[in-house]
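Single-letter residue listing:
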Amino acid sequence: MFLIVDDMREYMIYCDESLSKGTYYSHFYGGVLVGSKDFYRVNTALEEMKAQLNLFGEIKWTKVTAPYLEKYKRMMDVFFGFVKEKKLKMRVMFQETSQIVPNHGTALQYHLLYYQFIKHAFGLAYHKNNPSRPTKIKLFFDEIPDTQSQNDDFKAHLNYLQELSLFHNAKIVLRPWDIAEIDSHKHPIQQCMDIVLGAMAFHMNKMHLPASEGGPGTPGRKTQAKEELFQHILTLIKDANGDAGFDIYENTQPETGRGRWRVPYRHWKFVPAEFREKKA
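Residues numbered from 1 in each chain as written. Predicted model: local features only at pLDDT ≥ 70, side-chain atom pairs only at ≥ 80, totals over all residues. Heavy atoms only, no water.

Colleague: Any details on the overall build of the protein chain? Residues and values, ideally.
Modeller: In terms of helices and strands, the protein chain carries nine helices and seven strands. Taking all 280 residues of the protein chain together, 51% fall into the buried category. By sequence separation, contacts in the protein chain at least 24 residues apart represent 77% of the contacts at least 6 residues apart. Summed over its atoms, the accessible surface of the protein chain is roughly 13,500 Å², and 51% of this surface lies on carbon and sulfur atoms. (Helix = DSSP H or I, 4+ residues; strand = E, 2+ residues; numbered from the N terminus. Buried < 20%, exposed > 50% of the residue type's maximum accessible area, 1.4 Å probe, protein only. Contact = heavy atoms within 4.5 Å. Areas by Shrake-Rupley, 256 points an atom, 1.4 Å probe, with all protein chains shown as cover.)

Colleague: An account of the pairing of strand 3 (residues 88–96) is requested, with residue identities and associated values reported.
Modeller: Of all nine residues in strand 3, eight are buried; the element is thus mostly enclosed. As defined by bridge partners, strand 2 (residues 25–35) adjoins strand 3 across eight bridges and the pair is classed as antiparallel. Counted as the bridge partner of Gly30 is Val92 from strand 3. Here five bridges tie strand 3 to strand 7 (residues 265–269), and the two strands are oriented parallel to one another. The residue of strand 7 that forms the bridge with Arg91 is Arg266. (Pairing = 2+ DSSP bridges.)

Colleague: Tell me what's going on with the packing of helix 2 (residues 69–84) against helix 7 (residues 221–241), and back it up with residues and numbers.
Modeller: Closest axis-to-axis distance for the helix 2/helix 7 pair is 10 Å, and the angle between their directions is 20°. Looking at the two axes, helix 2 sits roughly parallel to helix 7. Where helix 2 crosses over helix 7, the two elements pack in a sense that is right-handed. Contacts from Leu69, Glu70, Tyr72, Lys73, Met76, Asp77, Phe80, Val83 and Lys84 of helix 2 reach helix 7 at Ala225, Glu228, Leu229, His232, Ile233, Leu236, Ile237, Asp239 and Ala240. Residues that form the contact of helix 2 with helix 7 fall into these classes: eleven nonpolar, one polar and six charged. (Axes fitted to C-alpha atoms, helices over the stretch in contact; angles between N-to-C directions. Parallel < 35°, antiparallel > 145°, perpendicular 65-115°, else oblique. Left-handed = near helix turned anticlockwise from the far one by under 90°. Nonpolar A, V, L, I, M, F, W, Y, C, P; charged D, E, K, R; others polar.)

Colleague: So what's going on with helix 7? Which residues, and what values?
Modeller: Three- or four-residue spacings in an α-helix give side chains the same orientation, since the helix completes a turn every 3.6 residues. Taking 1.5 Å of rise per residue, 21 residues should cover 30 Å, and helix 7 covers 30 Å from first to last C-alpha, within 8% of that figure. Listed in full, the buried residues belonging to helix 7 are Ala225, Lys226, Glu227, Leu229, Phe230, Ile233, Leu234, Leu236, Ile237, Ala240 and Asn241. The elements touched by buried residues of helix 7 are helix 2, helix 6 (188–204) and strand 7. The positive-phi residue at the C-terminal boundary of helix 7 is Gly242, with phi of around 65°. (Expected span 1.5 Å × (residues − 1).)

Colleague: With reference to specific residues and values, describe the packing of aromatic side chains.
Modeller: In this description, a pair of aromatic rings is defined by centroid distance and the angle of the planes. One pass over the full model with this rule turns up 16 aromatic pairs. Ring centres of Tyr114 and Phe154 lie 6.1 Å apart, and the angle between their planes is 45°; on these two criteria the pair is classed as tilted. Residue Tyr114 is found in helix 3 (residues 106–120), and its partner Phe154 is found in helix 4 (residues 148–159); the two are separated by 40 residues along the sequence. Each member of the pair, Tyr114 as well as Phe154, is classed as buried. (Phe/Tyr/Trp six-rings, centres within 6.5 Å; stacked < 30°, edge-to-face > 60°.)

Colleague: Account for the environment of Lys71, naming residues and giving values.
Modeller: Looking at the element boundaries, Lys71 is found in helix 2. Aside from chain neighbours lying at most four places away, what touches Lys71 is Leu53, Asn54 and Leu55. In this structure the side chain of Lys71 is engaged in a polar contact, spanning 2.9 Å, whose partner is the backbone oxygen of Leu53. (Polar contact = N/O pair within 3.5 Å; in protein donor to acceptor, adjacent residues only side chain to side chain.)

Colleague: Give a detailed account of the pairing of strand 4 (residues 135–141), specifying residues and quantitative values.
Modeller: The buried count for strand 4 comes to seven of seven residues, which makes it a mostly enclosed element. Burial along strand 4 is two-sided: Thr135, Ile137, Leu139 and Phe141 and Lys136, Lys138 and Phe140, pointing in opposite directions, are all buried. Inspection of the sheet shows strand 1 (residues 9–18) paired to strand 4 by seven bridges, in the parallel sense. Bridge assignment links Met12 to a residue of strand 4, and that residue is Lys138. Sheet topology note: the strand 4/strand 5 (residues 172–173) ladder contains two bridges and is parallel. Residue pairing across strands places Thr135 opposite Ile172, the latter belonging to strand 5. Here strand 4 runs beside strand 6 (residues 179–181); their pairing, made up of three bridges, is parallel. The partner of Phe140 across the bridge, within strand 6, is Ala180.

Colleague: Give me unusual backbone geometry: which residues, what numbers.
Modeller: Of the consecutive residues Gln253 and Pro254, the connecting peptide bond is found in the cis state with omega at 0°. Tracing the backbone shows Pro254 in the loop between helix 7 and helix 8 (257–262). One non-glycine residue, Asn54, lies in positive phi territory at about 60°. Within the fold, Asn54 resides in the loop between helix 1 (36–52) and helix 2.

In structure tokens form, the structure reads like this:
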């Protein structure tokens, strides 16, 4: 997967999603961008930390427990260290549950949201002023959960992005064979993204709070551990972005094409056209 490309720059984007339907927020889509020249260093550091911590299996949000809390914190320290260095860039897109368009089927919703996410979340068209050479984009998905025919259509739509004027002028190249499914067990960058996505979906849907009347009054140890890990991640995000007031519920500023590219970590609250029109 690590390639040396002589005639063009190359970026790889790992993609994942979490919690299709939450009480308050849904459709959490995440992406982590890494340049091919930085991939080996980042991947090796994450693999070595996993080994040092005896985390030989796949790390993921669902595995966070009190006994593993400190290990997961250390993994996040390494991951966000690279985010702060801008060797990694992470983006999270989500929707308010009340704004989910009900007439879109699961497959169509998945395809439409990922298309918007790849098109806008990273500000790819602004990766360099007056680019002099092409930049290749490679997309990696944990799993595309549809039929082969639907998946082929999905990849074709993503491939069309390079024909859009903004992408074309920026010399973005996204070829069909550069859109692939991967085994997340083999990719620590993907695994770290899963933890961050899970943490956001968890906290934003208030899963850390005691249940309402009639339920348990105090969250269990696993829930407490997950909330503590979320708070640790939030501190790392604020440090990486240099933004003590980072708001997980709103679009990360500056909300411009170049701002979307430059900021190390950003959130995007996706509002469907139907609701943007109502708001206007």
